[in-house]
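# Examination of the molecular architecture
Here's the letter readout for the chains.
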Amino acid sequence: MKTTYKVAITIAIIALVVASAFAYQYLENSATAQKVTLNGAGSTFIFPLVDKWAAEYHKIKPNVQINYQGIGSGGGIQQHIEKTVYFAGTDAPLTAAQAAKAPNTLHIPITIGGVVVIYNLPGIGKGLKFTGEILAEIYLGKITKWNDARLAAINPGISLPDQPITVVHRSDGSGTTFIWTSFLSDFSPEWKETVGRGTSVNWPTGIGGKGSDGVTALVQQTPYSIGYVEFTYAMVNNLTYGYVQNAAGEFIEPSIESIAKAAQYAAVTLPRGDASWSNVSIVDSLANNTQAHGAYPITSFSYIIVYKELNVLPNMNEATAKALVDFLWWAVHDGQNYAPGLYYVPLPSNVVANDEQTIRMITFNGQQLHK
Amino acid sequence: MKISQKVFPFFCNLNIKFILQLNHFKGDDIFKLVSALVASSIFLLLGLMVYELVKGSWLSIQTFGLNFIVGTKWDPAVSKVFGALPLILGTLVTSAIALLIGIPISLGVGLALSEYMPKKFGLAVSFLVELLAAVPSVIYGLWGIFVLIPFLRNHVYPYLQTAFGFIPIFSGPIYGGGVLTGGIVLAIMIIPTVSAVMRDVFLTVPNSQREAMIALGATKWETTKTVISYARSGVIGAIILGLGRAVGETMAITMVIGNKFQVWPSSLFDAWYTMAAIIANELLEATYDLYISALINVGLVLLFVALIINILARLIVWRTLRFTRGIARE
């Protein structure tokens, strides 16, 4: 008899706990009926910016939660194709093959990135000058010493050491490597044919560091080394960087202004948001533009990609679709003000105009969401 | 009220019935069934893993066949040819270095804790050793980059080179990261696990063994040798466990090895690459099907390499065991 009593009490307690859990969930649901979570994933490069936006946007629209995971551009594109996220971030536009798997994808350039040359030369500060040809030769293993005649010729007045160059590259697949190898391909036919462009390539020489921090650590610890990292990363960590020659023949210091200028020149020929973007490359367009004065040549857009018709996504409803479009509109306008503080490059006005057109194309069940 | 009145007797009946059934069947039979199911799930798991890996790498297997294993080129951008030989060699050599450094140290730690140190001190040290085993590998990697690499490059490798530079494996440029650094980090990572297991194994050796040796007039060292010999199968188990961790280690090794894809490094200071490292590095940004398939294929090869070295290790161990047992009998 005593045991049955105990069992009864135990069951009563369990029932109470379960009931209160249900009640809590019910209350929570009714209190936040309008709550919208926008799930996105992709590029790690734009993660700090999107993270900042998520916090700031939540202050303006408390019912909207932005959940962006920096899993890499490749992962982001994969999730976009599988329709498991509402928006994806990528440092490279979709290739023709990827676009075929995700028809009706819109490209929205959301910020601009630059890749800078960093080096560790004891006694030599920032501003060593490089050209695309010379960088390609260094990364091909053809220029092996710092006091090479070609490097000395464009750096008069700097006594370059008679030391072998230790080449450092990214070991992990990354958009930074894609931009970097695109640039080298444009300025060296040999690079283009033997190594090519990609998120990972078959490096002819050098050692690989994992991530921007891995490359930076290797360069900072290894005297007479050279590497490349994103502009934002170099600025935040106060790294010693070089100037790079553009097609106009000027040696350009990487800065928010010179990178924005590069995007501005490239934006003149941007396609419509729903057209194919697979060939869009600031690096390529600047490589032939001898009039692009003041533009830093190793520059690239980062994109947010979304479906043109949002009803293709499972679990999508009109309120969420509207919230997504409102957020994107905010990101390309007010959101850009947060970019310089984090050393991101804000979009120039002609790119914003293109983005506005693209965001207006987004529909849910055929209804235009931003008018 | 009504519902609880109905539900309550129902639950009670169920419980009593279940307990009665338990008694009827005997707990032993049920336990036997459950443990058999759990044990056979290992086969199922391994089978599923192989199936998924083969499925994922099918495109690569069709394209390259056996050339994937002997191929020495990894070119995702231009020719789209993938070969994993350098990765296989890199994995094997770094693991071998890790074992070369790690086994003697682990053996020493294990013996010290079980045979030589006072019990309380031994307990304290073994607690710390077990704590080390719980440190995530990315921490070892970061420590490798920021502490170990600068230290080795500035204070160890130059002297190593001046002393042994005439041997080719100690010549060539010193980056800091590289094959030897990778081996050292792996060794540090496997020491806690291996030495903890070894200590436990030595502690299971019955005291009668030690007493018998001492009674025969053996020295402490001779007694210890008997303990090792008695516990050899456990010692070998510990080594295989360590080897398993070294072969599959990913994060730490990719942060310190330099990630250079080449068939054979010019020296111990040169950079290299391992199978696990390239998967971690490139899978996220692999952009086309054949590329992804090639990376999964590396995973498949890694699984088989791990299997083969486990089998080989067992075989070698059995042979040496038979050999030492023969001597002991004489």
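Residues numbered from 1 in each chain as written. Chains lettered and ligands numbered in written order. Predicted model: local features only at pLDDT ≥ 70, side-chain atom pairs only at ≥ 80, totals over all residues.

### A short note on the overall build of chain B
Per the secondary structure count, chain B includes 13 helices and two strands. Taking contacts inside chain B between residues at least 6 apart in sequence as the whole, the part at least 24 apart equals 75%. (Helix = DSSP H or I, 4+ residues; strand = E, 2+ residues; numbered from the N terminus. Contact = placed C-beta atoms within 7 Å.)

### With respect to the overall build of chain A
Along chain A, the regular secondary structure elements total 14 helices and 13 strands. Across its three principal axes, chain A shows a C-alpha extent of roughly 95 × 55 × 35 Å. At a minimum sequence separation of 6, the contacts of chain A that also span at least 24 residues come to 73%.

### A short note on the pairing of strand β2 (residues 64-70) of chain A
Residue and element names in this part refer to chain A. When strand β1 (residues 36-42) meets β2, the two strands line up parallel, connected through seven bridges. Residue pairing in the sheet places Leu38 in a bridge with Ile66 of β2. In the classification by handedness, the crossover that spans β1, the intervening helix α2 (residues 47-60) and the parallel β2 is right-handed. (Pairing = 2+ DSSP bridges. Right-handed = clockwise from strand over helix to strand, strands pointing away.)

### Quick look at helix α7 (residues 175-187) of chain A
Along its 13 residues, α7(A) runs 19 Å from first to last C-alpha, staying within 8% of the 18 Å computed at 1.5 Å per residue. Judged by how many residues are buried, α7(A) sits mostly within the fold: 13 of 13 residues are covered. (Expected span 1.5 Å × (residues − 1). Buried ≥ 20, exposed ≤ 12 C-beta atoms within 10 Å, placed from the backbone.)

### Some points on the interface of chain B and chain A
Each partner contributes residues to the interface: chain B has 30 residues there, and chain A has 34 residues. Listed by contribution, the elements that provide at least two residues to the side of chain B that touches chain A are α1 (2-25), β1 (74-75), α6 (137-164), α11 (251-256) and α12 (275-282) of chain B. Here the side of chain B that touches chain A is built from residues that sort into 18 nonpolar, seven polar and five charged. (Nonpolar A, V, L, I, M, F, W, Y, C, P; charged D, E, K, R; others polar.)

### Comments concerning the sheet that holds strand β8 (residues 225-230) of chain A
Residues and elements named next belong to chain A. In spatial order, the strands read β2-β1-β3-β11-β4-β8-β6-β7; together these eight strands make up an open sheet with mixed pairing. The open sheet has two edge strands with one neighbour each: β2 and β7 (207-209). Adjacent strand axes in the sheet meet at a mean angle of 25° when their direction is disregarded. Docked against the sheet, helix α13 (residues 318-332) engages β1, β2, β3 (87-90), β4 (105-120) and β11 (299-307), running at close to 60° with respect to β1. (Axes fitted to C-alpha atoms, helices over the stretch in contact; angles between N-to-C directions.)

### Concerning the pairing of strand β6 (residues 166-170) of chain A
Residues and elements named next belong to chain A. Taking burial as the measure, the five residues of β6 include five buried ones, the bulk of the element. Of the two faces of β6, the one carrying Thr166, Val168 and Arg170 and the one carrying Val167 and His169 are both buried. Bridge count for β6 against β8 is two bridges, and the pairing is parallel. For Val167, the partnering residue across the bridge sits in β8 and is Ile226.

### Brief notes about the packing of α13(A) against helix α14 (residues 349-360) of chain A
Residue and element names in this part refer to chain A. At a minimum axis distance of 10 Å, the contact between α13 and α14 shows a crossing angle of 175°. Here α13 lies roughly antiparallel to α14, going by the angle between them. On α14, the residues that touch Val325, Leu328, Trp329 and Val332 of α13 are Val352, Asp355 and Ile359. Along the lines of polarity and charge, the residues of the contact of α13 with α14 split into six nonpolar, no polar and one charged. (Parallel < 35°, antiparallel > 145°, perpendicular 65-115°, else oblique.)

### Here's the deal with unusual backbone geometry
One non-glycine residue, Asn365(A), lies in the positive phi region at around 50°. The residue Asn365(A) is located in the loop between β12 (363-364) and β13 (367-368) in this model. Using a count of 11 C-beta atoms within 10 Å as the deciding quantity, one classes Asn365(A) as exposed. Positive phi outside glycine occurs at Asn259(B), with the angle close to 50°. The residue Asn259(B) is located in the loop between α11 and α12 in this model.

### Focus on the sheet that holds strand β10 (residues 251-252) of chain A
Strand-to-strand pairing in sheets goes through backbone hydrogen bonds, with the strands running parallel or antiparallel. All names here are of chain A. An order of β5-β9-β10 is seen for the three strands of this open sheet, with the pairing classed as mixed. Whereas interior strands pair on both sides, the edge strands pair on one side only; in this sheet they are β5 (129-130) and β10. Sheet topology places β5 next to strand β9 (residues 243-245); two bridges connect them, and they run parallel. If you follow Lys129 over to β9, its bridge partner there is Tyr243.

### Examining the packing of helix α4 (residues 85-116) of chain B against helix α7 (residues 179-203) of chain B
Residue and element names in this part refer to chain B. Following both chains from N to C, one finds α4 and α7 inclined at 35°, their axes separated by 6 Å at the closest point. Both α4 and α7 take part in a crossing whose hand is right-handed. Considering only residue class, the contact of α4 with α7 consists of 20 nonpolar, nine polar and two charged. (Left-handed = near helix turned anticlockwise from the far one by under 90°.)

### Focus: the environment of Arg153(B)
Residue and element names in this part refer to chain B. Tracing the backbone shows Arg153 in helix α6. You can call Arg153 buried: it has 20 C-beta atoms within 10 Å. The spatial distance from the C-alpha of Arg153 to the C-alpha of Gly177 is 8.2 Å, given a sequence separation of 24 residues. Non-local contacts of Arg153, meaning those with residues more than four positions away in its chain, are made with Ile174 and Gly176.

### Here's the deal with the confidence of the model for chain B
Mean pLDDT over chain B: 86, with 89% of residues reaching 70 or higher. Taken together, the chains of this predicted complex give a pTM of 0.82 and an interface ipTM of 0.77. (pLDDT = per-residue confidence, 0-100.)

### Description of the confidence of the model for chain A
Segments scoring low in pLDDT should not have their predicted coordinates read at a detailed level. The predicted model of chain A averages 90 in pLDDT, with 93% of residues at 70 or higher. Here helix α1 (residues 2-31) of chain A stands out as the element of chain A with the lowest mean pLDDT, 63, in contrast to β9(A), whose mean of 97 is the highest.

### A short note on the environment of Ile71(A)
Within the fold, Ile71(A) resides in the loop between β2 and α3 (73-81). Overall, Ile71(A) belongs to the partly exposed group, with 19 C-beta atoms counted inside 10 Å. Sequence-wise, Ile71(A) and Asn365(A) are 294 residues apart; in three dimensions their C-alpha atoms are separated by 30 Å. Dropping the residues within four chain positions of it, Ile71(A) is found in contact with Ala41(A), Gly42(A), Gly76(A) and Leu284(B).

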